[in-house]
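Now for the letters of each chain:
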Amino acid sequence: MQESPTHRALFIDEILAAVLIHIRINDRNWRPVTPYKTLARLALSCRSFTEPALNVLWARQTSLMPLLRVFPTFCTHSGDFSYDDPIADDHWIRFQQYAARIHAFVYCRHVHLSCSVFNTLAQKAGDSPLLPSLCHLVWKQTTSDDPAASLFRLSPLRDVYISPYEIDYGVFDESEHLDSNPSHAVLLFLNSVVTETSPLQRLVLAGPFPDSCKSVIPQLKSLRQLDLGMAGAIDHDLLSALSSMTTLSDLSFHTRGLRSANCLARPAFRSLESCILSGSALSICAVLEAIDSSSLHSVSIVASRAFTPADILSCTSMLQRKFTPCLRSVHMRASVEFLVSERVGIMSMLEPLLGLALIEDLHLDFDEQRGHLRVYDQDVEAMVSAWSHLRHFHLWHHSAGDDPSLQSLALFATHCPNLRDVALVVSVGPSPDLSPAPALPHHLRDLRLLGNVSLPHDPKSVAPYICMLFPKLIRFNAFAWESHVNRKWAAIRRSILRRTANGTLEPRRACHP
């Protein structure tokens, strides 16, 4: 019988692998067991499918138990798992065949796995890696005496995420550092990575660990992405060591007590492209002052305590002074502390950012305490006029009743042709003007009116006005605290999506607001 082209295509390894991966990640019923059953059946149905199907089936594992059950002698004794007899050579060969297929592993400590299980595996492996193809590791609920570190020895790890058994959300308070433990499992693991010169490129420590664990990080010579944002405040010695690393391109950390950049190596963070900084305004400004990278394109600032308007101005001034030629993304989340009943114009804090002409992504969240921020239409005009490359704009603050009007949306359509999503607190006010229409249709996809959005005098004019400005819109949201107003906004939303999704403007597509 003549073979069809489809049949012949399945003999090409790359095509067959792509089909099998599609089976694993595209289960329409969201049942995680179904793809694995399908892959197992494929592995049993045809010899040509066996190896590729097993490779995909074992590529990502979320438990150690399937691998340990390869040994017939692996069983329970009084509720704990262990081996009845020594591991036979033929069983060990089969274990190695499956272990070599694992590329990503999510490990969580099993309370009923005794330490003898890991010791036996380590002794049997000798100088060979237990997981020779492991590149991505998620190590959850680690403890200081976790025996799993031996599992990952000699593996060619590139991406590692480690979280402790209990995350202490008070690590950002003025508290003492955790006691150092020379036999801490994470410390032993990181030391082994350094000794074996593993090609580790990304490391996330998602929780508090002893300083001894974090002190090993500067010795990871191939590290490019480091996230210590949930690991507590790092000390000045570690920060100085990190600043001298020439490979770091993405960095996230919390700093405290840093008053100047003098304690950091110079030049500092020469290859940094993206950073997330949390802490006090003084510490954040000191780090920004020390960064000597000409390729820094993204900065996120998270206030660990309330900022004054002067603190925010110092941060924005530093960004403008240091990174005007390269900065494209600015995110800032801060609680703003005013004097009692003080009303401050937002441009008094953000005016330096107008000098960042290359900005494409701006995301600002301000939670005011006692006072209020004032944002007017002319402020929006100043921002969008300065940032013609803008693609994403998000500005949230507590509404003070004198927020930008609905008419300010026309400024985005006029000045920012590349804009794709807008989130803005508005005070709707009078009915919007439906003329003149923009010369070219704008390609905005997502519009969110934030806060308690009131209705204009003529609610029926809102949908035609927004559709006139943004005929390509596929997501729109606006909410009000009063239920009857919220129902009217829901009707406006349906009208907008109906208008922008009909055949005259844009084919209807899936939309998940």
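Residues numbered from 1 in each chain as written. Predicted model: local features only at pLDDT ≥ 70, side-chain atom pairs only at ≥ 80, totals over all residues. Heavy atoms only, no water.

(A) Highlighting the packing of aromatic side chains. One pass over the structure, following the stated rule, counts twelve aromatic pairs. Ring geometry for Phe-105 and Tyr-107: centres 6.0 Å apart, planes at 50 degrees, overall tilted. Given the relative accessible area of 3%, Phe-105 is considered buried. Note on Trp-139 and Phe-152: the rings are 5.4 Å apart at their centroids and 65 degrees apart in plane angle, and the pair reads as edge-to-face. Here the residue Trp-139 occupies a position in strand 5 (residues 136-142), and Phe-152 occupies one in the loop between strand 5 and strand 6 (159-164), the gap between them amounting to 13 residues. (Phe/Tyr/Trp six-rings, centres within 6.5 Å; stacked < 30°, edge-to-face > 60°. Buried < 20%, exposed > 50% of the residue type's maximum accessible area, 1.4 Å probe, protein only. Helix = DSSP H or I, 4+ residues; strand = E, 2+ residues; numbered from the N terminus.)

(B) Highlighting the packing of helix 11 (residues 281-290) against helix 12 (residues 309-323). It is at 10 Å that the axes of helix 11 and helix 12 come closest, and there the two elements cross at 5 degrees. For the element pair helix 11 / helix 12, the angle class is roughly parallel. Here Ala-281, Ile-284, Cys-285, Leu-288 and Glu-289 of helix 11 come into contact with helix 12, specifically with Asp-311, Ser-314, Cys-315, Met-318, Leu-319, Arg-321, Lys-322 and Phe-323. Taken together, the residues that form the contact of helix 11 with helix 12 break down as eight nonpolar, one polar and four charged. (Axes fitted to C-alpha atoms, helices over the stretch in contact; angles between N-to-C directions. Parallel < 35°, antiparallel > 145°, perpendicular 65-115°, else oblique. Contact = heavy atoms within 4.5 Å. Nonpolar A, V, L, I, M, F, W, Y, C, P; charged D, E, K, R; others polar.)

(C) The nonpolar core, seen in detail. Formed by 153 residues in total, the largest nonpolar core has its most connected members in Phe-152, Phe-189, Phe-366, Phe-393 and Trp-489. In contact with Phe-189, other than residues within four places in its own chain, are Leu-137, Trp-139, Ala-149, Phe-152, Leu-157, Val-160 and Ile-162. (Core = buried A, V, L, I, M, F, W, Y, C linked by side-chain atoms within 4.5 Å.)

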